[in-house]
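Residues per chain, in single letters:
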Amino acid sequence: MSDKPINKKPTVVIVAALLCIGFISPAAFSQTKQTKGSFKDVFRQLDEILPTPNAYRTASGAPGNAYWQQQADYEIEATLDEDNQRIIASERITYSNNSPDTLPYIWVQLDQNRFRDDSIGRTTGTTGSDRISFAGMRLEQHAAEREFGFEIQRVALRNGNALDYTINGTMMRIDLSMPLRSGQSVTFEIDWEHNITDSDIMGGRGGLEHFRDSDTYQFALAQWYPRVAAYTDYNGWVNKQFIGRGEFTLEFGDFDVSLTVPADHIVASTGVLQNPNQVLTAQQRDRLDQARESDTPVFIVTPEEAEANQAEGTDDMVTWRFEAENVRDFAWASSRKYIWDAMTHVQEGAEYEEVLAMSLYPPEAEPLWSKYSTHAVAHTMDVYSKFSFEYPYPVAISVNAWESGGMEYPMITFNGYRPVEDEDTGERTYSRRAKYGLISVVIHEIGHIYFPMTVNSDERQWTWMDEGLNTFLQFLAEREWEDDYPSRRGDPKNIVDYMLSQNQVPIMTNSESILQFGNNAYAKPATALVVLRETVMGRSLFDFAFKQYSERWMFKRPTPSDFFRTMEDASAVDLDWFFRGWFYSTDHVDIALNDIREYQVSTQDPEIEFPLDREEADDDPESLTKLRNADIEKRVDRFPELNDFYNENNEFTVSNKDRNDYTSFRDGLEDWELEVLDKAIADGSLIYFLDFENIGGLVMPIPLEIKYADGSSESKMIPAEIWRYDSHAVTHTLITQKEIESVEVDPMLQIADADIGNNKLPREIQRSRIELYKSDTKQRDLMADMLVELKSAETGDEEEPSADLPLEETGE
């Protein structure tokens, strides 16, 4: 804490340099530090980092006139073996080579192989200490009991001729019998099976959930089929191994999928159901028609019907058939437990003017899900479409696939959060965290249908391009849900602790190598875009540029350079310094206001200035020695003859020479200089010099709140370019006719400044509260412990599932 005041300086001489306040003269510029020494050019352009523009990707950030991407169309037939929790399936893939290259082989992703015992992800897990959790041990036991991963049965051309293939971890290379030339296509078939993982145990982005109370299942199936890897202009084959974190880069295509499941199951899926008459009752079809006319949720399967359905069971099977056009993936969910509701989202003038927003969830999700899920689906489309493009598909689905978390696929999302059931009454209630957690996760995952399911960025390489952009839009949508929505990410003040932390890497780090994944890939880029929108660019310029990026890259594959260049191209704002600092470094924001000095313009008239100088000298505090010597008789008092001219006159006495110097000064000024001087004096101009220090290293604009002595206040934004000649310390000049009482940096917490204690002058005491704690000196009393009544296993306290498994050393 400091009570440092504004430093009020004596009057000073104003010269012609007053005219160029806020600028740097050519002479001064020639003397500034260059790239040698300690000078750090934080405003150098990103061209030295970004790839060179070409015919595929232009310097403006738009797709070039020779832009291309591949296409992969799928016909899939799959059977869900519920008793054995297993998928048996076959697919026919038509792969179109739109690239200018000839391809001798095709890479296919086998993402289920990440669950194999010999996968990179399973064999490279680490711990920070000698400990293992119950959940970790359960995973190892589960993996030992069943084999996971794809079991490839057959790979062949459409005519039946077998194709050679090689499996390397989560990738399979299919060697073509003839190279696939540019403009050609090839059709091949794959038969496979695999066991379905238990998502509660194995984690991942899909799997089964077993409800032990009713001995029923739900299946949320993703990465369940061999998928063609992306082949791109910037990377060739995107065939990095899937370790578990870096998600997926895929090609767009059309899907025709037949799913054979138990006859009492309800299926939700990517695409549009093609045979409702065969799989839905007449009543369910009628309710769907009602939902298509409703702006509030309508039950297709009621809670009572779902409760009854899960209690019955059947050995019969039925096939649901779905078609999806121009999607990059396909996921589905199936269960006899589902409650199902739906409503219509209207977007006039769009390709799909009426979108069916739907939610499917087990009874365990009530009463939370029927109240909020489908409304959150529709709300997402309302908000995201304003900032990007109209929702591009005919359906949008939220499935309660697990208790927490979320995952996205074209047209369908898997989401968590449920109420808690009271063991005694059976009544279900939900917490504040569950309510807002559900709304947020639905917004986030439905938002992913925009990014990256439509704007098809490379998730395996640049996680932030979908997670960060989507979290930013999620923040905007949450702000439009209700006032004071408890958003976790997006507000600049919430990112400060992370940006101060030591174990972090730049946003531009590859997905599998990111530390503090949620903060790095979600929170920091989202916050950066909030700062960019609210503080650096302004809403109008940002919103236009962001919409341009979104529309340019719909159903295409952008890279970071395309985003960076589009934001500049559409706004005429140089943002290289911003992207370099926020995305390529781990610097943080900490701008300190170290000093303020106040000056008045001197008249240089000795008849005016000397008396003022005397008053200022008299205002200086008396020295301690002088005060204590006040009662001592001085020698000149005893010998008055010692007094002379200088005892009667001092440095504040005006002489004729002083008067002549003043006359000469005014005579030496040009007319315009004299006019400037007299006007400044007449206006009573006050000149303030504000010293700022960039402690954190990340340059930013400097938002100021200036409070004046007359009670008024003013907001001022100093652009980030103030740091372009010295990124460590700068002095800003402020001229006003009113006396300043205080100045504060970032009063609205809009730039993620890490230390608000150095933001204001005069300094203020930082006030908060502190909790007292009671020391725990209790020690184990073995004698007393032996007298405690032994509880039975049935009445003992249950261990938390996340607790550590007790370990005991076995060595000598």
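What counts and how
- Think of each chain on its own: its residues are numbered from 1, step by step along the sequence as written.
- Local features in a predicted model are, by the rule used here, given only for residues with pLDDT of at least 70; side-chain atom pairs are given and counted only at 80 or more, and totals for whole chains, interfaces and linings are based on all residues.
- Side-chain metrics in this entry use all non-hydrogen atoms of the structure; hydrogen atoms and water are not considered.
- Per the convention used, a helix needs a DSSP run of H or I reaching at least four residues, while a strand needs a run of E reaching at least two, with both numbered from the N terminus.
- Only C-alpha atoms enter the radius of gyration; for comparison, a globular chain is expected to reach 2.2 Å times N to the power 0.38, where N is the number of residues.
- Whether a residue is buried, partly exposed or exposed follows from its accessible area with a 1.4 Å probe, protein chains only, as a fraction of its type maximum: under 20%, in between, or over 50%, in that order.
- Here, two residues are considered to be in contact whenever any of their heavy atoms come within 4.5 Å of each other.
- The charge count treats Lys and Arg as positive and Asp and Glu as negative. His and the chain ends do not count.
- By convention, charge coordinates are those of NZ in Lys, CZ in Arg, CG in Asp, or CD in Glu.
- To define axes, lines are fitted to C-alpha atoms, for helices over the stretch in contact only, and angles between the resulting N-to-C directions are given on a 0 to 180 degree scale.
- What sets the label is the angle itself: under 35 degrees gives roughly parallel, over 145 gives roughly antiparallel, 65 to 115 gives roughly perpendicular, and the rest give oblique.
- What the arc describes is the spread of directions from the helix axis to the C-beta atoms.
- A carboxyl oxygen of Asp or Glu within 4 Å of a side-chain nitrogen of Lys or Arg is what we treat as a salt bridge.
- Scored from 0 to 100, pLDDT records how confident the predictor is in each individual residue.
- Only residues whose relative accessible area exceeds 30% and that form no salt bridge enter a patch; like-charged residues are grouped when within 9 Å of one another, and nonpolar side chains (Val, Leu, Ile, Met, Phe, Trp, Tyr) when within 5 Å.
- Each accessible area value is a Shrake-Rupley result obtained with a 1.4 Å probe; residue values ignore everything except the protein chains displayed when judging cover.
- Here, expected helix span is obtained from the residue count minus one, scaled by 1.5 Å.
- When the centres of two rings from Phe, Tyr and Trp lie within 6.5 Å, Trp using its six-membered ring, the rings pair. Their planes under 30 degrees apart give stacked, over 60 give edge-to-face, and anything left gives tilted.
- Nonpolar cores are built from buried Ala, Val, Leu, Ile, Met, Phe, Trp, Tyr and Cys residues. Side-chain atoms within 4.5 Å join them into one set.
- Only strands that DSSP links by at least two bridges are regarded as paired with each other.
- In protein, a polar contact requires one atom able to donate a hydrogen and another able to accept it; more generally it is a pair of N or O atoms within 3.5 Å, and residues adjacent in sequence count only if both atoms are side-chain atoms.

Undergrad: Explain the overall build of the protein residue by residue, including any values.
TA: Of the regular secondary structure elements, the protein holds 22 helices and 33 strands. Against the 2.2 N^0.38 benchmark of 28 Å for 812 residues, the protein shows a C-alpha radius of gyration of 36 Å, more extended than a compact globule. The principal-axis extent of the C-alpha atoms belonging to the protein is close to 125 × 85 × 65 Å. Burial statistics for the protein: of 812 residues in total, 49% are counted as buried. Look at the contacts in the protein between residues 6 or more apart in sequence, and 76% of them connect residues 24 or more apart. Averaging the positions of the 76 positive and the 144 negative side-chain charges in the protein gives two centres separated by 3 Å.

Undergrad: Summarise the packing of helix α12 (residues 517-536) against helix α13 (residues 539-552); cite the residues concerned and give the values.
TA: Relative orientation of the contacting elements α12 and α13 amounts to 130 degrees, with a least axis distance of 6 Å. When the axis of α12 is compared with that of α13, the two are oblique. Here Leu 529, Leu 532, Arg 533 and Glu 534 of α12 lie close against α13, whose contacting residues are Arg 539, Phe 542, Asp 543 and Phe 546.

Undergrad: Just give me the short version of helix α7 (residues 303-310), but keep the residues and values in it.
TA: For α7, the set of buried residues is Pro 303, Ala 306, Asn 309 and Gln 310. Buried residues of α7, seen end-on, are gathered within an arc of 125 degrees and therefore sit on one face of the element. Of the surrounding secondary structure, the elements contacted by the buried residues of α7 are β10 (216-221), β17 (298-301) and β20 (339-346).

Undergrad: Can you tell me about the pattern of salt bridges, naming the residues and giving the values?
TA: Within the structure shown, the criterion is met by 45 salt bridges. Residue Glu 151 pairs with Arg 86 through a salt bridge whose shortest N-O separation is 2.6 Å. Placement of the pair is Glu 151 in strand β5 (residues 151-157) and Arg 86 in strand β3 (residues 86-96), with a sequence separation of 65 residues. Residue class for Glu 151 comes out partly exposed when judged on its relative accessible area of 27%. Note on Arg 86: relative accessible area 15%, which makes it buried. One salt-bridge network, held together by shared partners, links Arg 92, Arg 154, Glu 189 and Asp 191.

Undergrad: How would you explain the confidence of the model for the protein if you had to name every residue and give the values?
TA: For the protein, per-residue confidence averages 92 on the pLDDT scale, and residues scoring 70 or more make up 93% of the total. Low pLDDT, under 50, characterises residues 14-34; the stretch is placed with 18 contacts to residues that sit more than four places away or in other chains. pLDDT under 50 marks residues 795-801. Its contacts with residues more than four places away, or in other chains, come to four contacts.

Undergrad: Tell me about unusual backbone geometry, and please be specific about residues and values.
TA: Residue Pro 367 is bonded to the preceding Glu 366 through a cis peptide linkage, with omega at 10 degrees. Topologically, Pro 367 is positioned in the loop between β21 (354-361) and α8 (368-387). Here Leu 761 and Pro 762 are connected by a cis peptide whose omega angle stands at -10 degrees. Looking at the element boundaries, Pro 762 is found in the loop between β33 (760-761) and α22 (782-786). Phi angles above zero are rare outside glycine, and Gln 85 is one such case at about 45 degrees. Within the fold, Gln 85 resides in the loop between β2 (71-81) and β3. Gln 85 sits in the buried class, given a relative accessible area of 14%. The phi dihedral of Ala 572 is positive, around 60 degrees, even though this residue is not glycine.

Undergrad: Give a detailed account of a nonpolar patch on the surface, specifying residues and quantitative values.
TA: Together, Val 636, Phe 639 and Leu 642 line one region of the surface with nonpolar side chains, adding up to about 230 Å² of accessible area. Looking at where Phe 639 falls in the secondary structure, it is placed in the loop between α18 (635-638) and α19 (645-648). What makes Phe 639 partly exposed here is its relative accessible area of 30%.

Undergrad: Break down α13 for me, citing the residues and quoting the values.
TA: Between its first and last C-alpha atoms α13 spans 20 Å; for 14 residues at 1.5 Å apiece the expected length is 20 Å, and the two agree. Buried within α13 we find Phe 542, Ala 545, Phe 546, Tyr 549, Ser 550 and Arg 552.

Undergrad: Mind laying out the packing of aromatic side chains, listing which residues take part and the relevant values?
TA: Using the criterion set out here, one finds 54 aromatic pairs in the structure. Seen in terms of ring centroids, Trp 192 and Trp 224 are 6.2 Å apart; in terms of plane orientation they differ by 50 degrees. Their pairing is tilted. Here Trp 192, found in strand β8 (residues 185-195), pairs with Trp 224, found in the loop between β10 and β11 (227-228); they are 32 residues apart in sequence, far enough to count as distant. Here Trp 192 and Trp 224 have matching classes, each one buried. The interplanar angle of 80 degrees and the centroid separation of 6.4 Å between the aromatic rings of Phe 546 and Phe 563 together place this pair among those described as edge-to-face. Note that Phe 546 is positioned in helix α13 and Phe 563 in helix α14 (residues 560-569), a separation of 17 residues in sequence.

Undergrad: Got a sec to walk through the nonpolar core? Specific residues and values, please.
TA: In terms of nonpolar packing, the biggest core is built from 191 residues, with Tyr 95, Trp 224, Phe 414, Phe 563, Phe 578, Trp 582 and Phe 692 touching the most fellow members. With 10 residues, the single largest contributor to this core is α8.

Undergrad: I'd like a rundown of a negative patch on the surface, residues and numbers included.
TA: On the surface, a cluster of negative charge is contributed by Glu 615, Glu 616, Asp 618, Asp 619 and Asp 620. Along the chain, the position of Asp 620 falls in the loop between α16 (606-618) and α17 (624-628).

Undergrad: Now, about the pairing of β20: what can you tell me, with residues and values included?
TA: Summarising burial for β20: seven of the eight residues are buried, a large majority. Both β17 and β20 contribute to a ladder of three bridges, which runs antiparallel. For Phe 299, the partnering residue across the bridge sits in β20 and is Asp 341. Taken together, the eight bridges between β20 and β21 define a ladder with antiparallel strand orientation. Across the sheet, residue Trp 340 finds its bridge partner in β21, namely Leu 360.

Undergrad: Give a detailed account of the sheet that holds β10, specifying residues and quantitative values.
TA: Taken in spatial order, the four strands line up as β9-β10-β19-β15 in an open sheet, and their pairing is antiparallel. What marks the edges here is a single partner per strand, and that holds for β9 (207-211) and β15 (266-269). The sheet shows a mean angle of 10 degrees between the axes of neighbouring strands, taken without regard to direction.

Undergrad: I'd like a rundown of the side chain of Gln 69, residues and numbers included.
TA: Examined against the element boundaries, Gln 69 turns out to sit in the loop between α1 (26-30) and β2. On the accessibility criterion, Gln 69 (17% relative accessible area) is buried. Here the side chain of Gln 69 touches Tyr 67 through a polar contact of 2.6 Å, side chain to side chain.

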